[in-house]
Amino acid sequence: MKKSMITIAVVLMSLITVAGTAGFNKSMKKNLKTIRVNEEGTDYIKIGSKFGEIAKQNTNRYEPLYYSAYSYILGSWNISDPVEKTKVLDKAKIQIDKALAISPNNDELLVLNAFYFQAMIMVNPQQYGQSYSAKANGLLVKAQVINSKNPRAEFLLAQNIYYRPEQFGGGKDKALPLFLKAAELFAHQDKSNYLVPVWGENTNSQMLKECSY
């Protein structure tokens with residue numbers, strides 16, 4: 001009798017786990033589809049909150065935190081007021097830090113953290129430009145040490161150089177080789193797992209065109 005009860009308990013726990021995983025995958029795929037389609041008028045801040053709710057229900061997973069932060073960063077681009085923009089980016093940073101606590105040496109999270117600092121520059125370029133660009137650069141180099149094939153690390157490094165004044169070693173001529181390398185890495189990135197980040201390729205292609213003029 002005791003053995004039967006244990007068997008039933010194990011089966012029930014397995015069913016609960018399967019149901020939980022199915023629910024996680026369904027919610028993640030639904031919201032990922034929205035941000036990857038990138039339609040005009042998409043409420044990225046609302047989606048950031050939705051990913052945040054998924055994260056609360058799956059405290060051992062960094063992915064919903066990653067996409068919550070990523071959505072907030074995208075949402076910040078549509079805000080002109082520096083105070084409101086900072087509030088949204090603060091939400092992104094909180095999610096990034098939580099994700100890093102779960103997965104500390106994750107190259108994609110380091111890249112996302114660098115992406116956050118690049119977004120923060122737009123709050124006040126004069127105040128944050130130099131220091132936050134340096135912070136982003138350091139994180140991207142660290143990400144490359146962990147994974148030299150990460151296309152987003154190469155792409156964001158290229159953007160850092162593109163927007164840097166020429167007298168300080170920046171400009172499109174210096175950035176072009178990095179955008180070209182990023183394009184090659186994007187072409188070979190593994191997309192077999194729906195949860196892995198795939199963003200950046202289209203913008204990298206646009207920047208290649210800009211550097212060719």
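Bear in mind that the values here come from a model prediction, so they are computed numbers and not experimental data.

Caption draft 1: Layout of a positive patch on the surface. Together, Lys26, Lys30, Lys46 and Lys50 line one region of the surface with positive charge. Of all elements in the fold, only helix 1 (2-37) and helix 2 (44-57) reach the threshold of two or more residues within the positive patch. On the secondary structure map, Lys26 appears in helix 1. Since its relative accessible area comes to 67%, Lys26 is described here as exposed.

Caption draft 2: Quick look at the nonpolar core. Tyr70 and Phe179 are the most contacted members of the largest nonpolar core, which has 59 residues in total. Here this core takes 11 residues from helix 5 (residues 107-121), the largest share from any one element. Setting aside chain neighbours within four positions, we find Tyr70 in contact with Ile35, Leu112, Phe115 and Trp199.

Caption draft 3: Quick look at the side chain of Asp107. Among the structural elements, Asp107 can be located in helix 5. Summary of buried charges: Asp107 has no salt-bridge partner, and the nearest side chain of opposite charge, Arg152, is 6.8 Å away. A polar contact is formed between the side chain of Asp107 and the side chain of Asn150, at a distance of 2.6 Å. When near neighbours in sequence (up to four residues on either side) are disregarded, Asp107 contacts Ala143, Ile146, Asn147 and Asn150.

Caption draft 4: Fine view of the environment of Pro197. Relative to the elements of secondary structure, Pro197 occurs in the loop between helix 8 (172-187) and helix 9 (201-212). For the pair Pro197 and Leu109, spaced 88 residues apart in sequence, the C-alpha to C-alpha distance is 10.0 Å. Excluding its chain neighbours within four sequence positions, the residues that come into contact with Pro197 are Arg36, Tyr66, Tyr67, Glu108, Arg152 and Gln189.

Rules of the game
- Residues numbered from 1 in each chain as written.
- Predicted model: local features only at pLDDT ≥ 70, side-chain atom pairs only at ≥ 80, totals over all residues.
- Heavy atoms only, no water.
- Patch = residues over 30% accessible without salt bridge, like charges linked within 9 Å, V, L, I, M, F, W, Y side chains within 5 Å.
- Areas by Shrake-Rupley, 256 points an atom, 1.4 Å probe, with all protein chains shown as cover.
- Salt bridge = Lys/Arg side-chain N within 4 Å of Asp/Glu carboxyl O.
- Lys, Arg positive; Asp, Glu negative; His and termini not counted.
- Charge placed at Lys NZ, Arg CZ, Asp CG, Glu CD.
- Helix = DSSP H or I, 4+ residues; strand = E, 2+ residues; numbered from the N terminus.
- Buried < 20%, exposed > 50% of the residue type's maximum accessible area, 1.4 Å probe, protein only.
- Core = buried A, V, L, I, M, F, W, Y, C linked by side-chain atoms within 4.5 Å.
- Contact = heavy atoms within 4.5 Å.
- Polar contact = N/O pair within 3.5 Å; in protein donor to acceptor, adjacent residues only side chain to side chain.

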